[in-house]
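So the chains spell out like this:
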Amino acid sequence: MHGCEKDRYDSVAGVLLQRLFLKKLNLIEARRLIRDVCNIIRDGEHVFSESINGKLLCLGWKDQLVDRFSFELILYLIENKLDGDVILCH
């Protein structure tokens, strides 16, 4: 990944984490939430933010943690994943 792409990736990750912090998640919880969203998407059953929240609720997360914008940020991070990134699932 080139320097500009990495800067953009880091910026998107920072915005996402700030949004999750505003929802009262700490860093460890935010990483777990993102990993759970990755796993849900990988399973291929839920591809919209509304259905993601329903599945997260079944996993024990609070209701409506992932709004549409945060969902799009997560999708961006998945599509542009850096090798070894600790935020995303492998």
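One can find the structure itself at the top, above this paragraph.
Overview of the structure. (Residues numbered from 1 in each chain as written. Predicted model: local features only at pLDDT ≥ 70, side-chain atom pairs only at ≥ 80, totals over all residues. Heavy atoms only, no water.)

So, on to the pattern of salt bridges. For the structure shown, the criterion picks out 2 salt bridges. Here Lys6 makes a salt bridge to Asp10, at a shortest N to O gap of 2.8 Å. Of the two residues, Lys6 and Asp10 both sit in helix 1 (residues 3–22), 4 residues apart, roughly one turn of that helix. Judged by relative accessible area, which is 38%, Lys6 ranks as partly exposed. (Salt bridge = Lys/Arg side-chain N within 4 Å of Asp/Glu carboxyl O. Helix = DSSP H or I, 4+ residues; strand = E, 2+ residues; numbered from the N terminus. Buried < 20%, exposed > 50% of the residue type's maximum accessible area, 1.4 Å probe, protein only.)

Ranked by internal contacts, the top residues of the largest apolar core, which has 22 residues, are Leu16, Leu20, Leu33, Ile34, Leu56 and Val66. Contributions of two or more residues to this core are made by helix 1, helix 2 (27–43), helix 3 (49–58) and helix 4 (68–79). Beyond its immediate sequence surroundings of up to four residues, Leu20 is in contact with Leu25, Ala30, Leu33, Ile34 and Leu65. (Core = buried A, V, L, I, M, F, W, Y, C linked by side-chain atoms within 4.5 Å. Contact = heavy atoms within 4.5 Å.)

With that settled, the discussion passes to the environment of Ile74. Here Ile74 shows up in helix 4. Overall, the relative accessible area of 1% leaves Ile74 in the buried class. The spatial distance from the C-alpha of Ile74 to the C-alpha of Val12 is 8.7 Å, given a sequence separation of 62 residues. Non-local contacts of Ile74, meaning those with residues more than four positions away in its chain, are made with Leu16, Ile34, Val37 and Val66.

End to end, helix 1 covers 29 Å across 20 residues, agreeing with the expected 28 Å (1.5 Å per residue, within 8%). Packing partners of the buried residues in helix 1 comprise helix 2 and helix 4. Phi for Lys24, located one or two positions after helix 1, is positive at around 70°. (Expected span 1.5 Å × (residues − 1).)

By themselves, these figures tell us nothing about what the structure is for.
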